[in-house]
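Spelled out from the first residue to the last, the chains are:
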Amino acid sequence: MDLSALISQHGYAALLIGSMAEGETITLLGGVAAHQGLLRFPLVVLMVALGGMIGDQVLYFLGRRYGARLLTRFKRHQEKIASAQKMIARHPLLFVPGCRFMYGFRIIGPLLIGASHVPPKVFLPLNIAGALVWAAIFSALGYAGGEVIAPWLHSFDQHLKHWIWLALAVGCVALLRFGFKRRQRKKPHS
C-alpha cells in the first residue's frame, strides 16, 4: 500500500468531495500534496474551489427553500444567527464571500444567506469569487506548510504498514477489554 500512489490517483476526487462539506483541513492537505509533487497546485485550487462552490450552492438553495425551518434546529446558535442575519441585510456583498473565513459559519453561512433571500444572481458570482480566493489562500498555506512537515510525511509513508498493524493491535486490545468489562458487569454478584 503506497500512500503517495493513492494520493496521486484519487487526490483530486477526494479534494472535490471533501471540500463540499469540510474545508480548511482538506484544502491544507491538498496544498501539502501539491508541495510533495503528488498533485498539481493549480488543479488543487480548482478542485477545492469547485467543491466549495457546489457545497455552498446546495446549502444556499436549501436555505432559500427551507430556511426558517432549518434555522430553528440550531437552537444553541440563535444569537449568532440573528447577528449574522443583520450583517447579511446590511452588507450582503461582504458577507457572501466572507462567511467562508468566519469561524463557525462554513455550513450555516450559506443557509443563512439563502434564508435571507439574497438573489441567486448576487450569490452565485460572489460565491465563485469567494471560493477561488479561499481555495488559493488555504492551498498556498498547505503548500508552504508542506516544507515543514515533508520529513515527517516521508517517515510516515515508510512506516505506514507498521502504524496500521499497531492501530489494529490497539483496537483489538481495546475491544477485548471492553468485552471483558461488559461480561464482568453482567455477572451476578455472589
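Each residue is numbered by its place in its chain's sequence as written, counting from 1. Selection of residues for local features in this predicted model requires a pLDDT of at least 70, selection of side-chain atom pairs for listing and counting requires 80 or more, and totals for whole chains, interfaces and linings are taken over all residues. The side-chain values count all of the structure's non-hydrogen atoms but skip hydrogen atoms and water molecules.

**Considering the overall build of the protein chain**
Counting secondary structure elements, the protein chain contains eight helices and zero strands. Put simply, the protein chain runs from its N terminus to its C terminus through helices and strands in the order α-α-α-α-α-α-α-α. Counting every position in the protein chain, which comprises 190 residues, the buried fraction comes to 32%. Any two residues whose heavy atoms approach within 4.5 Å are treated as being in contact. Within the protein chain, residue pairs in contact and separated by at least 24 positions form 80% of the contacts whose partners lie at least 6 positions apart. By definition, any uninterrupted DSSP run of H or I lasting at least four residues is a helix, any uninterrupted run of E lasting at least two residues is a strand, and each is numbered from the N terminus. Per-residue accessibility, obtained with a 1.4 Å probe over protein chains only, is compared with the maximum for each type, and a residue is labelled buried under 20%, exposed over 50%, and partly exposed between these values.

**Some points on helix H6 (residues 108-115)**
In terms of residue burial, H6 counts as a mostly covered element, since eight of its eight residues are buried. Regarding H6, the residues found buried are Ile 108, Gly 109, Pro 110, Leu 111, Leu 112, Ile 113, Gly 114 and Ala 115. Of the residues flanking the end of H6, it is His 117, one or two places downstream, whose phi is positive at about 60 degrees.

**Brief notes about unusual backbone geometry**
Notably, His 117 is not glycine yet its phi reads approximately 60 degrees, a positive angle. Relative to the assigned elements, His 117 resides in the loop between H6 and helix H7 (120-158). Overall, the relative accessible area of 52% leaves His 117 in the exposed class.

**So, the side chain of Asp 56**
Of note, Asp 56 is situated in helix H3 (residues 41-71). What Asp 56 contacts, discounting residues up to four positions off in sequence, is Arg 100, Arg 106, Pro 110, Phe 123 and Asn 127.

**What to know about the nonpolar core**
Within the largest apolar cluster, 16 residues are counted, with the highest numbers of intra-cluster contacts made by Phe 95, Phe 105, Leu 112 and Ile 113. Those elements giving two or more residues to this core turn out to be H3, helix H4 (78-90), helix H5 (92-98), H6 and H7. The contacts of Ile 113, once residues within four sequence positions are left out, are Tyr 60, Ile 88, Phe 95, Val 96, Cys 99, Val 118 and Phe 123. The set of buried Ala, Val, Leu, Ile, Met, Phe, Trp, Tyr and Cys residues whose side-chain atoms join them within 4.5 Å is what this entry labels a nonpolar core. Grouped together as the second largest cluster of nonpolar side chains are 14 residues, Ala 34, Val 44, Val 45 and Phe 138 included.

**A few points about the environment of Gly 52**
Mapped onto the elements of the fold, Gly 52 is located in helix H3. Taking relative accessible area as the criterion, Gly 52 reaches 0% and is therefore assigned buried. Spatially, the C-alpha atoms of Gly 52 and Ala 21 are 7.7 Å apart, while their sequence positions differ by 31 residues. When sequence neighbours within four positions are dropped, the list of residues in contact with Gly 52 reads Ser 19, Arg 100 and Arg 106.

**Notes on the pattern of salt bridges**
Salt bridges are identified by distance alone: a Lys or Arg side-chain nitrogen within 4 Å of an Asp or Glu carboxyl oxygen. The tally for this structure, following the rule as stated, stands at one salt bridge. Arg 100 is the salt-bridge partner of Asp 56, the closest N and O atoms lying 2.9 Å from each other. Here Asp 56 is found in helix H3, whereas its partner Arg 100 is found in the loop between H5 and H6, with 44 residues between them in sequence.

**Structural notes on the packing of H3 against H6**
Note on geometry: axes are lines fitted to C-alpha atoms, helical ones only across the stretch in contact, with angles between N-to-C directions running from 0 to 180 degrees. Axis separation between H3 and H6 bottoms out at 6 Å; the angle between their running directions is 65 degrees. Judged by the angle between their axes, H3 and H6 are roughly perpendicular. For the pair H3 and H6, the sense of crossing is right-handed. Of the residues in H6, those touching H3 at Asp 56, Leu 59, Tyr 60, Leu 62, Gly 63, Arg 64, Gly 67, Leu 70 and Leu 71 are Ile 108, Pro 110, Leu 111, Leu 112, Ile 113, Gly 114 and Ala 115. Classification convention: Asp, Glu, Lys, Arg as charged; Ala, Val, Leu, Ile, Met, Phe, Trp, Tyr, Cys, Pro as nonpolar; all other residues, Gly among them, as polar. For the contact of H3 with H6, the residue count by class is 11 nonpolar, three polar and two charged. Should an angle fall under 35 degrees it is taken as roughly parallel, and over 145 as roughly antiparallel, whereas 65 to 115 is taken as roughly perpendicular and any remaining angle as oblique. When the near helix sits turned anticlockwise from the far one by under a right angle, the crossing is termed left-handed; a clockwise turn instead gives a right-handed crossing.

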